[in-house]
Every structure is written in structure tokens, then in C-alpha cells.
There are 4 protein chains.
Amino acid sequence: MTRPESPVFAHHVRVRYAETDQMGVAHHGSYIVWIEEARTEWMRDRGTSYRQLEESGLSLAVTRVAVRYRKPARYDDLIRIETRLSELHPASVTIEYRLFGPADGRAAADLIAEAETRLALIGKDGRPMRIPQDLF
Amino acid sequence: MTRPESPVFAHHVRVRYAETDQMGVAHHGSYIVWIEEARTEWMRDRGTSYRQLEESGLSLAVTRVAVRYRKPARYDDLIRIETRLSELHPASVTIEYRLFGPADGRAAADLIAEAETRLALIGKDGRPMRIPQDLF
Amino acid sequence: MTRPESPVFAHHVRVRYAETDQMGVAHHGSYIVWIEEARTEWMRDRGTSYRQLEESGLSLAVTRVAVRYRKPARYDDLIRIETRLSELHPASVTIEYRLFGPADGRAAADLIAEAETRLALIGKDGRPMRIPQDLF
Amino acid sequence: MTRPESPVFAHHVRVRYAETDQMGVAHHGSYIVWIEEARTEWMRDRGTSYRQLEESGLSLAVTRVAVRYRKPARYDDLIRIETRLSELHPASVTIEYRLFGPADGRAAADLIAEAETRLALIGKDGRPMRIPQDLF
């Protein structure tokens, strides 16, 4: 079911030098790692440690990822990532992300990218399992 | 215009140890780098060196990426990536990728992932420019 | 000249999932990126923004790196990195790092790795230049 | 025991776009991943699949890495990596690497970097074990 009202969680990452490329901006693959970090912190904020989830034998496997790049992120920029639950189905969860560049005081921060990941819960037997309603 | 008949170019990458994660499979972010390498080799095969393109002051910026993961890729697997032009518009080009796991002799190789990237051509002034029909 | 008394700056990084490998620990290459981030924050703390340094046309090129791994770093661990100036020569600066795993309350945090980088200052002409004494 | 006469194995990697940074050259951390790939192919050439080694419950943990950077590697360069056994002790093996840039026809390829890794063999119990003489 779609959850347009689900609360937003904000996390920040600072662009690392190793994450830039010779175009002089953050490489587009870096965003995948940033939103994964944001998702981990969002889960922690909601009371679920992904580390403990894995230690209990379960895991969340990414089955789809999509990113739309609007403006570049630059080295040393502090990027704000807003994470929210988008859809929760018995067999998958969709999470949305909005990435914002640094605010410069005068103007609001720019939306630099939007992303979406779909995840499946994998059980101890290595197969997808029903997602408990209270996991997220 | 959509080009369902455009030819397919095959490139192989071997999964690096550094590309795995503790789930014991290739991290989902690694695919972004693999398809970028496949795209470079596909362009070279079509007569366009991306390196020379950049040296001439132009660049191709990724504006969208989407990956659908079907089966895991494992360390040391030789992954076959099929690249083809999907859509060519004046301001963007869409490229499709199909990734296959190693064939095991008896059976056909598994389709492990599908991906799509949209790129814009950026001119010397840093702005998007019209894509020449003969670039791809 | 060696500076055994130079002050230590502490920075923390949390191990990302993408930084683990299938051995179930952080990949040894990740440490290179962590100490680069620590170095940037150490410079910022000392009043030098590496970003501004590059924007002024200069850059610091890594000419040597060495890491000694003592204990593994694990996913989600908060790693403490202690950075300090080790040697400052006219043409190079050597920086030392000590990495510590998470303290568990009862015991002191473990030293998990030691590292060292040597850097040269590259001028606007692309050549090494004398390092100003007040840069660090 | 030091083995100055041990044979050299050559492997090539092509610098990926994602491996560059905004200095316009390959990021120094990329070399760690390249020499790991070279080491895997060197072992395969000598009859040991690292993948099979891990599947048998053993693993090689990197305990030290050192890289000396001499000249930059650039995007799309085909880098030649020469790998050879340097020292084989009961509890560790040291492997040396020499990296060369692309030959340009007229001149010999430049030595762009030298590296060294020390590895320990980890047994099924997670502890270092004696390295069999025939492993390398």
C-alpha cells in the first residue's frame, strides 16, 4: 500500500574525494552507497538495527534501484538525504530518497537527485519471506 | 526514437573481491561501474572513444540509472554484459544492458540483471547540447 | 623534521555495508578512503580547507601509502581515526593514522590498524612545489 | 626466505571512469583493488583458485599493504601489473607488484607505481595457520 504520509528521516553525508571523478563532480555510482547509508540510519532511527537483523540470520536484498540525477554533487559538499517509506507489500518494501545540496544561506538547498530502492526480506533459508508489518 | 533492432555488443567483467559484500555476493552498487565499463567498450566498438570525446571538451553525463537485480553475481564470476542503444533523442540517449552469469556448459547463462542509463551530452560551456546523430 | 609531539586529531567513520567484502569484514581498500576523509577533517580543523586549496590551483598528491592491519573492522562499527603530522619536509609531508575499533564500555578500544601517507604539494604548473610551513 | 628469482606474472587492467577522481587521474585507492585482481590472476596462473581456496574454508587476509606512486594513471589507460612472490614464511607471504603505464610505441612503458602486500592464511577456525609450501 502506498504511504504518501510516511514520515521523512534526514541524514547527511559529506562527499569524499574518492567519490569524485574526473568530471569534477561526485561519480553517479556514489549515490547508491549514500542512500544505502541513509537507509541504515533511517532503520536505526525507527528502532531496527540492520546489523542485528543480519546477525539474526535475515537480510534485505536490493531488487531494484533507480536514481534520477538533477544537479551535480561536489567534493566536500554536505548532502542532505531525506528517506521515507514509499510502499510496503508483503514481499517487498520500497523506499524513496531525496538528496539536497548544501544550503547557501540565501537560498533553499537544491534538490540534486531523487532515488528509489525496492528490497526483499531474505530468510535463513536464503529465500524471500513475508515482511513483518512492524519491521519498518 | 526507439530502436528495437539496434545491435547488441557483448563485454565481460570478472567480479572483483573488493566488489563483494558480506552478503557473500557482488554489492548492488558494483553493477553501476560494470555497465559504465561496458558502455565505454560499446562506444569504442562503434568508433567513439569516450576518452577522446572528453579530451575534445565534451562529456556524457548520466541523468538516470535504473537496475533490476534478478539473481546474485558472485566473486570471480565472469559476467557477460550485453549493451544496446535503446532510444536516441536530440537531448538524450538511453542505453540498455542485460547482464548474464557464467554459463555452466549444460545450461544457458542466467539473466542476472537488467539496467538502463540515460545520458545527456554536455558541451564545452557546461550545458546540455544536441546529440549528433553519428555519435552512436 | 620528525614531530613526535604533534597534536592528534580524532575523527570517526562508520563502516558502510558497501565497504565490507565476503570475508564478512571491511575490505582492506576501504581504509585508504577513511584515512583520506580523516586527513581532510584534520586539515579543516587546522584551518586549511582542502577544497579551497584545490580551488586555488594547488593539490596534495599522495606519493606513498602504507597500512598495517591488526584486527578486522566490521560493518556498522564506528571507527575512531587519530591523525597527526609525522614529518614535514620542504617537498613532502608525512601523516600518521591510528585506527581504533568501537569501545565496548568495559575495555579500551582496540587498535585495529596503523597507516601512513606521504604527500607532495603540486603547484599550478603541475609540478611539485615547496610546502609552506604554515600549511599544516 | 627471499626469492629474488621468482617468476613474474603479467596482468592488465584498464582504468575505469569510476576509478578517477577530480584531480583527473586514477584515485590512489584504486591501485589496491587492481593489485588484488592481479594477485588473483597470478594465483590462478599458478594453479590455485582463490575462490576455491575460500570455498574450502581457508582465506588469505591482507596484513600489510604499501604503495609507492611514481606517475599518474589516467582514465582508459591499460595498466600492466607485474606480480611476483617476494617472501614466503611459514606464517605469511609477501607479494610484490610493479605497475606500468601504456607503452606508446616509441618508448618503453613507464613504471608508475610499486606495491607490496603481506598476507596471512586464515584457517577454518578463524586463526592464522601455517602456509603450505605448495600453495604458491
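Now for a description of the structure that goes with this document. All figures in this text were calculated on a predicted structure; none of them were measured in a lab.

### Section: the interface of chain C and chain D
Part 1 of the argument: Contact residues are listed per partner, giving 20 residues for chain C and 20 residues for chain D.
Part 2 of the argument: Both sides together, the interface formed by chain C and chain D hides about 1,700 Å², and carbon and sulfur atoms give 57% of it.
Part 3 of the argument: On the surface where chain C and chain D come into contact, there are 0 salt bridges.
Part 4 of the argument: At the boundary of chain C and chain D, one finds 8 residue pairs in polar contact (both at pLDDT 80 or more).

### Here's the deal with the interface of chain B and chain A
Part 1 of the argument: Each partner contributes residues to the interface: chain B has 20 residues there, and chain A has 20 residues.
Part 2 of the argument: When chain B packs against chain A, the two sides together hide about 1,700 Å² of surface, and 57% of this comes from carbon and sulfur.
Part 3 of the argument: The interface formed by chain B and chain A includes 0 salt bridges.
Part 4 of the argument: On the surface where chain B and chain A come into contact, there are 8 residue pairs in polar contact (both at pLDDT 80 or more).
Part 5 of the argument: Contributing elements (two or more residues each) for the side of chain B that touches chain A: α1 (30–45), α2 (50–55) and β2 (59–69) of chain B.
Part 6 of the argument: When the residues that make up the side of chain B that touches chain A are grouped by side-chain class, the tally is 9 nonpolar, 6 polar and 5 charged.
Part 7 of the argument: Of the pairings in the sheet, the one linking strand β2 (residues 59–69) of chain A to β2 of chain B comprises 5 bridges and is antiparallel in character. When the sheet's bridge partners are listed, Ala-66 of chain A is paired in β2 of chain B with Ala-66 of chain B.

### Digging into the relation of the copies chain B and chain A
Part 1 of the argument: Turning chain B through 180 degrees and shifting it by 0.0 Å along the axis lays it on chain A, with an RMSD of 0.0 Å. The two molecules are tied by a two-fold rotation axis, judged by turn and shift. When each C-alpha of chain B is compared by its distance to the rotation axis, Ala-66 of chain B comes out closest, at 2.0 Å.
Part 2 of the argument: A shared binding surface is used by both copies, with 100% of the interface residues of chain B retained as interface residues in chain A.

### So, empty space enclosed by the protein
Part 1 of the argument: In total, this model carries 4 cavities of 30 Å³ or more according to the counting rule given.
Part 2 of the argument: Ala-18 of chain A, Ala-18 of chain B, Val-33 of chain C together with Ala-18 and Val-33 of chain D are, among the 29 residues lining the largest cavity, the residues nearest its centre.
Part 3 of the argument: A per-element tally of the lining of the largest cavity places helix α1 (residues 30–45) of chain A first, with 3 residues.
Part 4 of the argument: For the lining of the largest cavity, the residue count by class is 9 nonpolar, 12 polar and 8 charged.

### Focus on helix α1 (residues 30–45) of chain C
Residue and element names in this part refer to chain C.
Part 1 of the argument: Taking 1.5 Å per residue as the helical rise, α1 with its 16 residues ought to reach 22 Å, and the 23 Å between its terminal C-alpha atoms agrees with that figure.
Part 2 of the argument: The element α1 is largely enclosed, with a buried count of 14 among its 16 residues.
Part 3 of the argument: Within two residues after α1, Gly-47 carries a phi angle of roughly 100 degrees, on the positive side.

About the criteria used
Residues numbered from 1 in each chain as written. Chains lettered and ligands numbered in written order. Predicted model: local features only at pLDDT ≥ 70, side-chain atom pairs only at ≥ 80, totals over all residues. Heavy atoms only, no water. Contact = heavy atoms within 4.5 Å. Buried area = accessible area lost by both parts, 1.4 Å probe. Salt bridge = Lys/Arg side-chain N within 4 Å of Asp/Glu carboxyl O. Polar contact = N/O pair within 3.5 Å; in protein donor to acceptor, adjacent residues only side chain to side chain. Helix = DSSP H or I, 4+ residues; strand = E, 2+ residues; numbered from the N terminus. Nonpolar A, V, L, I, M, F, W, Y, C, P; charged D, E, K, R; others polar. Pairing = 2+ DSSP bridges. Least-squares fit on C-alpha atoms with pLDDT ≥ 70 in both. 1 Å grid on protein atoms, 1.4 Å probe; cavity = no way out; pocket = protein on both sides within 12 Å on 5 of 7 lines; lining within 4 Å. Points joined across faces, edges and corners; volume = space filled by probe spheres on them. Expected span 1.5 Å × (residues − 1). Buried < 20%, exposed > 50% of the residue type's maximum accessible area, 1.4 Å probe, protein only.

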